Amino acid sequence: MTTTPYLLDQLETADMLLIDGLHAWQFELNESLLDQADAAAHADQPFASAEVVLLIESIDGRDRRQWAFTYNEVMEARYQAGEESWVLHSGEQEHRLCCLGAVTASGDDE
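(A) How the structure looks around the sheet that holds strand E3 (residues 26-29). Ordered by their spatial adjacency, 3 strands build an open sheet running E3-E4-E5, and the pairing between neighbours is antiparallel. Lying at the two open borders of the sheet, with one neighbouring strand each, are E3 and strand E5 (63-70). Direction aside, the axes of adjacent strands within the sheet are offset by 10° on average. Examined bridge by bridge, strand E4 (residues 52-60) and E5 share 8 bridges and lie antiparallel to one another. Across the sheet, the residue bridging to Glu 57 is Gln 66, located in E5.

In structure tokens, the structure reads:
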């Protein structure tokens, strides 16, 4: 049985994002809002919010681009398993988001 990952879990461990084909290493999660959601989950209470939980910034040529997604939009994102990406809707716009991890090398010889 395959379980669908949660976008928020992937965002918390991501080092970089790919949004609409652009690399974005500057992104923030609203930790205060996530703490409220965790508290509601532990109390077995529903939680929803129109407050921004994810803010992403990227440079596209000379243009600075910014995206903001609410908690509800992130929770309603659809996972695309074949592409390992997420489709988010913000208003009338659709965005494709991939969470990327950094590749690191060890200087230690093992």
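So much for the structure itself; the text now carries on.
(B) View of the side chain of Thr 70. Mapped onto the secondary structure, Thr 70 falls in strand E5. Apart from the residues lying within four places of it in its own chain, the contact partners of Thr 70 are Ser 49, Ala 50, Glu 51, Val 52 and Val 53.

(C) Seen up close, the sheet that holds strand E7 (residues 85-90). Ordered by their spatial adjacency, 5 strands build an open sheet running E2-E1-E8-E7-E6, and the pairing between neighbours is antiparallel. Each having just a single partner strand, strand E2 (22-24) and strand E6 (78-80) make up the two edges of the open sheet. On average, each strand axis in the sheet is tilted by 30° relative to the strand beside it, whichever way the strands run. As paired elements, strand E1 (residues 16-19) and strand E8 (residues 93-100) share 4 bridges and run antiparallel to each other. Its bridge partner lying in E8, Leu 17 is registered against Cys 99.

(D) Broad picture of the nonpolar core. Counting 24 residues, the largest nonpolar core has Leu 11, Leu 54, Ile 56, Val 74 and Leu 97 as the members making the most contacts within it. Filtering out sequence-adjacent residues up to four positions away, Leu 11 remains in contact with Leu 17, Phe 27, Leu 29, Leu 54, Val 74, Leu 97 and Cys 99.

(E) The environment of His 23, seen in detail. For His 23, the position within the fold is in strand E2. His 23 sits 74 residues away from Leu 97 along the chain, and the two C-alpha atoms are 9.9 Å apart. Not counting the four nearest positions on each side in its chain, His 23 is found in contact with Met 16, Leu 17, Leu 18, Ser 58 and Leu 100.

Conventions used here
Residues numbered from 1 in each chain as written. Predicted model: local features only at pLDDT ≥ 70, side-chain atom pairs only at ≥ 80, totals over all residues. Heavy atoms only, no water. Pairing = 2+ DSSP bridges. Helix = DSSP H or I, 4+ residues; strand = E, 2+ residues; numbered from the N terminus. Axes fitted to C-alpha atoms, helices over the stretch in contact; angles between N-to-C directions. Contact = heavy atoms within 4.5 Å. Core = buried A, V, L, I, M, F, W, Y, C linked by side-chain atoms within 4.5 Å. Buried < 20%, exposed > 50% of the residue type's maximum accessible area, 1.4 Å probe, protein only.

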